[in-house]
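Single-letter residue listing:
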Number of protein chains: 2
Amino acid sequence: MVDHELTGAFAPVVTPFQADLTPDAPRFVSHCAWLLSHGVGLAPFGTNSEANSLGLAERMALLDLLVDNGLDTRRMLPGTGCCSLPETVTLTRHAVAHGCAGVLMLPPFFYKGISDDGLYDYYARVIEQVGDARLRLYLYHIPALSGVPITLPVIERLIRDFPRTVAGIKDSSGDWQNLSAMLDAFPGFGIFPASESLITRASARGAKGCISATVNINPEVIARLCREWADDTGAALQAQADAVRSIVQSFPMIPALKAVLASHRDDAAWAQVRAPLSRLSDEQHEQLHAQLAACGFTLPG
Amino acid sequence: MVDHELTGAFAPVVTPFQADLTPDAPRFVSHCAWLLSHGVGLAPFGTNSEANSLGLAERMALLDLLVDNGLDTRRMLPGTGCCSLPETVTLTRHAVAHGCAGVLMLPPFFYKGISDDGLYDYYARVIEQVGDARLRLYLYHIPALSGVPITLPVIERLIRDFPRTVAGIKDSSGDWQNLSAMLDAFPGFGIFPASESLITRASARGAKGCISATVNINPEVIARLCREWADDTGAALQAQADAVRSIVQSFPMIPALKAVLASHRDDAAWAQVRAPLSRLSDEQHEQLHAQLAACGFTLPG
């Protein structure tokens, strides 16, 4: 097992855009700094970051920006998995060179029906080509969007062959049976469910925290839940986190997160998404705002 | 409608790789020249080109290579659709600058459940940002791999708003009802099914040809079929093309095409695929070879 372990809550950081759809650097840096100040780590360039709508150069420039602004890369787990081997290697080298604690790596996601051998070969080649002992690789299992499941046999071979590098996995399957099977099969592995709704149940079985969309708007509660799930305060924190999550996830997630930031920061620019996504309708935005207000949600200052 | 029309058979050119998985430039150029010499056009960087396993720089370098070797860009329809708007714009500008007859553009394919408005907005922004009257855009509908269908209302809006630019579509749905609905809805539009098995039926309804994987190995028969489907020779050509197609598509398509080129050119290097794909097993390779031999298949010289 790896010698450095990530734990706690991580935000797949939403990426703000300007009206011309170019990334909005000042809002990006300040949102990341705000998240760190509330006790959560950063998983920039994830699904909820619209990372797959960003080009390679944009992704590297945004990570450079965080570093240039002095944000702590030891609390960063950037997404680096592209469809192509050379681009995944490029982004991963860049993140490792910046001292990031780890990288979160999608499988190559265009071709479907990929064999276990082919997927293993892909990840093995990425690791070999990056060729850096500092690399800590977290696999990213999100079959509903990638169409390429990371199966238990692939995980087992990767851990066996690269025990100091392959450090964990984010499980966005939403399938408790899958998460449970991984927790059983790989004790000590850095397993993170993709929703805070699973923290109490999964942490009791050895999960290390969560990497969850809603950490972008509810970082304090989720960070506390990751620490206190087994304490007297745990049940109330889990209920509080679940209430917010269940509201937000009943809307399209990325525009909903951005709508919440726009409303609560009184900053309409936050609502911008990049094509092909669409922002919430005015009606959806109002419903979301009303439902969150009714459950007592506030954005931390 | 556009003033320049592409017709006939196009090969989504398979991309040869060296043992280290870098593109094999000499084999790529010679395969492309061979295809052109057999009367078919080139659709490099398509699904069967493993284009989504290539990086942006690799794709541009390979197109530059074809141009540097004097291959006719007026017979080229390179794939330029990436997940991200800026990268799609970069590849499209590059192809247009080289004088390519058109580009074949996947929708952004990571995020699912994309609305018609979001998809329209994406394509409209690409066209506006490319900003070149020479652009001829062919949409690429392949929902089984992209997960993002290009619906009839989106096509209709794009044709209406960009009548000189949006020139056609490749339909890889494999769904005759969809192809038929497009042929009815958009007379004169550059509609290409993804299999030669549909040429007679679709051409009678106005399709312009086909863009098909197996053009890589059976260019002469398919090119003739595109010209002669309505002649006395049509039925025999359709049967001959169908026999080869039905064999090859019963194997994983990309490694099967490469295995045929490796066998018939006595050049084992052709069998190489890039991770995450896997080559055929020896047993599959032998079965494929035997079945093609039994139906009288030969690779043109």
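Reading the values: the criteria
- Residues numbered from 1 in each chain as written.
- Chains lettered and ligands numbered in written order.
- Predicted model: local features only at pLDDT ≥ 70, side-chain atom pairs only at ≥ 80, totals over all residues.
- Heavy atoms only, no water.
- Pairing = 2+ DSSP bridges.
- Helix = DSSP H or I, 4+ residues; strand = E, 2+ residues; numbered from the N terminus.
- Axes fitted to C-alpha atoms, helices over the stretch in contact; angles between N-to-C directions.
- Contact = heavy atoms within 4.5 Å.
- Salt bridge = Lys/Arg side-chain N within 4 Å of Asp/Glu carboxyl O.
- Buried < 20%, exposed > 50% of the residue type's maximum accessible area, 1.4 Å probe, protein only.
- Parallel < 35°, antiparallel > 145°, perpendicular 65-115°, else oblique.
- Nonpolar A, V, L, I, M, F, W, Y, C, P; charged D, E, K, R; others polar.
- Right-handed = clockwise from strand over helix to strand, strands pointing away.
- Core = buried A, V, L, I, M, F, W, Y, C linked by side-chain atoms within 4.5 Å.
- Least-squares fit on C-alpha atoms with pLDDT ≥ 70 in both.
- UniProt positions renumbered as here; feature names shortened; annotations may be inferred.
- Polar contact = N/O pair within 3.5 Å; in protein donor to acceptor, adjacent residues only side chain to side chain.
- Expected span 1.5 Å × (residues − 1).

Undergrad: Which residues make up the sheet that holds strand S3 (residues 103–105) of chain B, and what values do they have?
TA: All names here are of chain B. Sheet architecture is open: 4 strands sit in the order S3-S4-S5-S6, paired in parallel fashion. Single-partner strands in this sheet number two, and they are S3 and strand S6 (190–193). Here the strands of the sheet are splayed against their neighbours by 25° on average, with no regard to which way each runs. Note: strand S5 (residues 166–171) against S6, 4 bridges, orientation parallel. Following the sheet pairing, Asp171 is matched in S6 by Pro193. Along the sheet, helix H4 (residues 116–130) makes contact with S3, strand S4 (137–141) and S5, crossing S4 at roughly 155°.

Undergrad: Describe in detail the pattern of salt bridges, supporting the description with residues and values.
TA: Tallying each qualifying case throughout the model produces 26 salt bridges over all chains. With a closest N to O distance of 2.7 Å, Asp267 of chain A and Arg27 of chain A form a salt bridge. You can see Asp267 of chain A sitting in the loop between helix H11 (253–264) and helix H12 (282–294) and its partner Arg27 of chain A sitting in helix H1 (residues 25–37), a full 240 residues away along the chain. In this structure, Arg245 of chain B and Glu196 of chain B form a salt bridge, with 3.6 Å as the shortest nitrogen-oxygen distance. Of the two residues, Arg245 of chain B sits in helix H10 (residues 234–248) while Glu196 of chain B sits in the loop between S6 and helix H8 (199–203), which places them 49 residues apart along the sequence. Both residues of the pair, Arg245 of chain B and Glu196 of chain B, count as buried. If you follow the salt bridges from partner to partner, you end up with Asp24, Arg27 and Asp267 of chain A in one network.

Undergrad: Any details on the packing of helix H11 (residues 253–264) of chain B against helix H12 (residues 282–294) of chain B? Residues and values, ideally.
TA: Residue and element names in this part refer to chain B. In the contact formed by H11 and H12, the axes pass within 10 Å of each other and the chain directions differ by 70°. When the axes of H11 and H12 are compared, the pair comes out roughly perpendicular. Contacts from Ala256, Ala259, Val260, Ser263 and His264 of H11 reach H12 at His285, Leu288, His289 and Leu292. Of the residues assigned to the contact of H11 with H12, the class counts are 5 nonpolar, 4 polar and no charged.

Undergrad: Could you give an account of the pairing of strand S6 (residues 190–193) of chain A, naming the residues involved and the relevant values?
TA: Where a strand is regular, its side chains alternate between the two sheet faces. Along S6 of chain A, one buried face is formed by Gly190 and Phe192 of chain A and the opposite face, lined by Ile191 and Pro193 of chain A, is buried too. In this region the chain leaves strand S5 (residues 166–171) of chain A, passes through helix H7 (residues 176–185) of chain A and returns to the parallel neighbour S6 of chain A; the handedness of that crossover is right-handed.

Undergrad: Break down the nonpolar core for me, citing the residues and quoting the values.
TA: With 221 residues, the main nonpolar core has Leu288 of chain A together with Leu288 of chain B as its most contacted residues. Not counting the four nearest positions on each side in its chain, Leu288 of chain B is found in contact with Ile247, Val248, Phe251, Ala256, Ala259, Val260 and Leu280 of chain B.

Undergrad: So, the pairing of strand S4 (residues 137–141) of chain A: which residues are in play, and what are the values?
TA: All names here are of chain A. Across the 5 residues of S4, 5 count as buried, placing the element largely inside the fold. Side-chain alternation along S4 places Leu137, Leu139 and His141 on one buried face and Tyr138 and Tyr140 on a second face that is also buried. For strand S3 (residues 103–105) and S4, the ladder comprises 3 bridges, and the chain directions are parallel. By the bridge assignment, Leu104 is partnered in S4 with Tyr138.

Undergrad: How would you explain the environment of Val221 of chain A if you had to name every residue and give the values?
TA: Residue and element names in this part refer to chain A. Mapping Val221 onto the fold places it in helix H9 (residues 219–228). By relative accessible area, which is 13% here, Val221 ends up buried. Placed 115 residues apart in sequence, Val221 and Leu106 show a C-alpha to C-alpha distance of 28 Å. The contacts of Val221, once residues within four sequence positions are left out, are Leu237, Gln240 and Ala241.

Undergrad: Help me get a handle on the sheet that holds strand S7 (residues 209–211) of chain A, residues and values and all.
TA: Residues and elements named next belong to chain A. Judged by pairing direction, the sheet is parallel, and its 3 strands sit side by side in the order S2-S1-S7 without closing on themselves. In the strand order of this sheet, the two ends are held by strand S2 (41–42) and S7, each with one partner. Against the sheet, H9 touches strand S1 (8–11) and S7, its axis set at about 150° to S1.

Undergrad: Any details on the relation of the copies chain B and chain A? Residues and values, ideally.
TA: Turning chain B through 180° and shifting it by 0.0 Å along the axis lays it on chain A, with an RMSD of 0.0 Å. In the structure described here, the two chain copies are related by an operation that fits a two-fold rotation axis. Of every C-alpha in chain B, the one belonging to Phe110 of chain B sits nearest the axis of rotation, 4.0 Å from it. In this assembly the copies share their binding face: 100% of the residues contributing to the interface of chain B also contribute to that of chain A.

Undergrad: Any details on the UniProt feature "active site" (unreviewed entry) in chain A? Residues and values, ideally.
TA: Residue and element names in this part refer to chain A. Residues annotated by UniProt as "active site" (unreviewed entry) correspond here to Tyr140 and Lys170. Spatial clustering of the annotated residues is evident: they stretch over 31 residues in sequence, but the largest pairwise C-alpha distance comes to 4.9 Å. With respect to the secondary-structure elements, Tyr140 resides in strand S4. Residue class for Tyr140 comes out buried when judged on its relative accessible area of 4%. Within the structure, Tyr140 has its side chain in polar contact with the side chain of Thr47 (distance 2.6 Å). With respect to the secondary-structure elements, Lys170 resides in strand S5. Aside from chain neighbours lying at most four places away, what touches Lys170 is Leu104, Leu139, Tyr140, His141, Phe192, Ala194 and Ile211.

Undergrad: Describe helix H4 (residues 116–130) of chain A, listing the residues and the values that go with them.
TA: All names here are of chain A. The first and last C-alpha atoms of H4 sit 21 Å apart over 15 residues, in line with the 21 Å expected at 1.5 Å per residue. Taken together, the buried positions of H4 are occupied by Gly118, Leu119, Tyr120, Tyr122, Tyr123, Ala124, Val126, Ile127 and Val130. Phi for Gly131, located one or two positions after H4, is positive at around 55°.

Undergrad: A description of the UniProt feature "binding site: pyruvate" (unreviewed entry) in chain A should follow, citing residues and the corresponding values.
TA: All names here are of chain A. Following the UniProt record, the feature "binding site: pyruvate" (unreviewed entry) maps to Ile211 here. Tracing the sequence through the fold places Ile211 in strand S7. According to the relative accessible area criterion, Ile211 is buried, its value standing at 1%. Those residues in contact with Ile211 that lie beyond four places of it in its chain are Phe10, Pro12, Ala43, Leu77, Leu104, Lys170, Phe192, Pro193 and Ala194.

Undergrad: Summarise the environment of Pro86 of chain A; cite the residues concerned and give the values.
TA: Relative to the assigned elements, Pro86 of chain A resides in helix H3 (residues 85–97). Residue Pro86 of chain A is classed as partly exposed on the basis of its relative accessible area of 24%. Each C-alpha atom, one on Pro86 of chain A and one on Val67 of chain A, is 23 Å from the other, the two residues being 19 residues apart in sequence. Contacts of Pro86 of chain A, omitting those with residues within four sequence positions, involve Ser53, Gly55, Glu58 and Arg274 of chain B.

Undergrad: Could you give an account of the side chain of Thr88 of chain B, with specific residues and numbers?
TA: Residues and elements named next belong to chain B. The topology assignment puts Thr88 in helix H3 (residues 85–97). Judged by its relative accessible area of 0%, Thr88 is buried. Reaching out from Thr88, the side chain makes a polar contact with the side chain of Tyr122 at a distance of 2.7 Å. In this structure Thr88 touches Thr80, Gly81, Cys82, Met105, Tyr122 and Val126, once residues within four positions along its chain are discounted.

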